[in-house]
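# Summary of structural features
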Amino acid sequence: MGESGLMKCIRTWLTRILSWGAAQPLYTGGAAGAPYGPIDQTVIADDVNMYLFFAGDDGSIYRQSMPIGNFPGSFGNVSQTILTNTTENLFEAVQVYKLKGQTKWLMIVECEGAVGRYFRSFTAANLNGNFTELSGLESAPFAGKTNTKITWSEDISHGDLIRSTNDQTFEVDPCSLQMLFQGRANSTADYNDLPYRPGLITLQNPGPVQYGGGSSSSSSSSSTTLKTVTSTATSTPTTKATSTSHSTSHSSTHSSTHTETHRTWHRPSHTTTTTHTSEAAPTGYGPPHYTW
């Protein structure tokens, strides 16, 4: 990774540690505005294409793709900027997953907050589509200090969700989410000497994302943008319900039944402005906060 692009090594035999080949280019381009070039890359596939996502410590998330039959080749030297915000609100450590049982894809991105590192989340109908915000900034994150029971770390950093399969789709079960992350105690050491150690958090109130009837919007006036179209959306409040039974309902504008233990996603009443491309994006109720 870095200013010279991204590299890869290919292993010819899974069980032979010494069978790694020499480094080869994975992506030879840069990342406009990124102080260290492209970093924190991840690759994921649907049935047709392999996709490369990466960050740049510059408030942007980048994407490139190739036909799945061409992988592991090079993604070339051109990428598409798919999300932009402030550096703090879209920092690094992007990861993308398929949601089990749904035609939806989940993206998480690490951010820098006033308290510590945390993750936001976004969803898209396909890997080549628009990713729209699902959870908000530091006060209502996907995972952070404010919604976990972690006491030994201010940071939820460089996280990766535990997958339900071991293939190239990176599938995760929204009814059984766990995140492996790095955390640390407060320290004044240089970055490379910070006392990071691994941690594992488990979602305490899991549930399927409810689409339809709502509008995807930011919980902060600092909107994440893709391109050019600006719209204002007011979302309808619903009542949160947490249950360990096989059926969940609530008394507001919609109800939900699921065959696994889950929570009902809800979004509080608020009016915000978000900017996105003219391409249609998925809409629905997203979780303003999770509990880990």
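This report concerns the structure included in the present document. Per chain, residues are indexed from 1 in the order of the written sequence. With the structure being a predicted model, the display of local features is reserved for residues of pLDDT at least 70 and the display and counting of side-chain atom pairs for 80 or more, all residues being used for whole-chain, interface and lining totals. Side-chain numbers here rest on the full set of heavy atoms in the structure, without hydrogens or water.

### Describing unusual backbone geometry
Note: most residues except glycine have negative phi, and most peptide bonds are trans. Following Phe71, the chain continues to Pro72 via a peptide bond in cis, the omega torsion being 10 degrees. With respect to the helices, strands and loops of the structure, Pro72 is situated in the loop between β5 (60-67) and β6 (80-84). The phi dihedral of Asp40 falls on the positive side, at around 55 degrees, and the residue is not glycine. Note on exposure labels: buried denotes an accessible area under 20% of the residue type's maximum, exposed denotes more than 50%, and partly exposed covers the range between, all computed with a 1.4 Å probe on protein chains only. Of the residues examined, Asp40 reaches a relative accessible area of 18% and is grouped as buried. Strands are runs of DSSP state E lasting at least two residues, helices are runs of H or I lasting at least four, and both sets are numbered from the N terminus onward.

### A word on the sheet that holds strand β9 (residues 117-124)
Here the rule is simple: two strands pair whenever DSSP picks up at least two bridges between them. With respect to topology, five strands assemble into an open sheet ordered β10-β9-β8-β7-β12, the strand pairing being mixed. With one partner strand each, in any of the chains shown, β10 (132-135) and β12 (171-172) form the two edges of the open sheet. Of the strand pairs in this sheet, strand β7 (residues 92-99) and strand β8 (residues 105-112) are connected by five bridges, and their pairing is antiparallel. By the bridge assignment for β8, Val96 is matched with Met107.

### Structural notes on the pattern of salt bridges
If charged atoms from side chains of opposite charge come close, those side chains can pair. Only one rule defines a salt bridge in this text: a Lys or Arg side-chain nitrogen within 4 Å of an Asp or Glu carboxyl oxygen. Enumeration over the complete set of coordinates arrives at six salt bridges. Between Arg184 and Asp155 there is a salt bridge, with its nearest N and O atoms 3.2 Å apart. Within this pair, whereas Arg184 is found in the loop between β13 (178-183) and β14 (197-202), its partner Asp155 is found in the loop between β10 and β11 (157-161), the two being separated by 29 residues in sequence. Residues Asp160 and Arg163 are paired through a salt bridge, measuring 3.0 Å at the closest nitrogen-oxygen approach. Owing to a relative accessible area of 23%, Asp160 belongs among the partly exposed residues under this scheme.

### A few points about the layout of surface pockets
Buriedness of a pocket was judged along seven lines, with at least five required to meet protein on both sides within 12 Å; pockets are open sets of points on a 1 Å grid over the protein atoms alone, cavities are sets where a 1.4 Å probe fits but cannot get out, and lining residues have an atom within 4 Å of a point. Grid points are joined across faces, edges and corners, and a volume is the space filled by probe spheres set on the points. Taken as a whole, the largest pocket holds about 270 Å³ of empty space. Lining of the largest pocket is provided by Lys8, Cys9, Ile10, Arg11, Leu14, Trp20, Val43, Phe71, Pro72 and Phe170. Think of it as three bins: nonpolar holds Ala, Val, Leu, Ile, Met, Phe, Trp, Tyr, Cys and Pro, charged holds Asp, Glu, Lys and Arg, and polar takes everything else, Gly as well. Residue classes in the lining of the largest pocket are distributed as eight nonpolar, no polar and two charged.

### Section: the packing of aromatic side chains
Think of it this way: a Phe, Tyr or Trp ring, Trp meaning its six-membered ring, pairs with another when their centres are within 6.5 Å, and the plane angle makes it stacked under 30 degrees, edge-to-face over 60, tilted otherwise. With the rule as written, the count across this model stands at seven aromatic pairs. Judged by centre distance (5.0 Å) and plane angle (40 degrees), the rings of Tyr27 and Phe54 are tilted. Separated by 27 residues along the polypeptide, Tyr27 in strand β2 (residues 24-27) and Phe54 in strand β4 (residues 49-55) bring together distant segments of the chain. Of the two residues examined, Tyr27 and Phe54, each falls in the buried class. Note on Trp152 and Phe181: the rings are 5.9 Å apart at their centroids and 20 degrees apart in plane angle, and the pair reads as stacked. Highlighted residues: Trp152 in the loop between β10 and β11 and Phe181 in strand β13, separated in sequence by 29 residues. Using a relative accessible area of 25% as the deciding quantity, one classes Trp152 as partly exposed.

### Let's talk about the sheet that holds β11
Strand order in this open sheet of three strands is β11-β13-β14, and the pairing throughout is antiparallel. Unpaired on one side and paired on the other, β11 and β14 mark the two borders of the sheet. With strand direction ignored, the average angle separating the axes of adjacent strands in the sheet is 25 degrees. Bridge count for β13 against β14 is six bridges, and the pairing is antiparallel. Across the sheet, Gly183 pairs through a bridge with Arg197, a residue of β14. Axis definition: a line fitted to C-alpha atoms, over the contacting stretch in the case of helices. Angles run 0 to 180 degrees between N-to-C directions.

### Some thoughts on the nonpolar core
Working definition of a nonpolar core: buried Ala, Val, Leu, Ile, Met, Phe, Trp, Tyr and Cys residues. They are joined through side-chain atoms within 4.5 Å. Ranked by internal contacts, the top residues of the largest apolar core, which has 39 residues, are Phe53, Met107, Phe142, Leu161, Met179 and Trp292. Residue assignment for this core shows that the elements contributing at least two residues are β3 (39-45), β4, β6, β7, β8, β9 and β13. Contact criterion: two residues are considered in contact whenever any of their non-hydrogen atoms come within 4.5 Å of each other. Excluding residues that lie within four positions of it along the chain, Phe142 makes contacts with Leu106, Ile108, Phe119, Arg120, Ser121, Ser135, Asn147, Leu161, Leu177, Met179, Tyr290 and Trp292. Of all hydrophobic cores here, the second largest spans 12 residues; its members include Leu6, Tyr27, Met50 and Tyr62.

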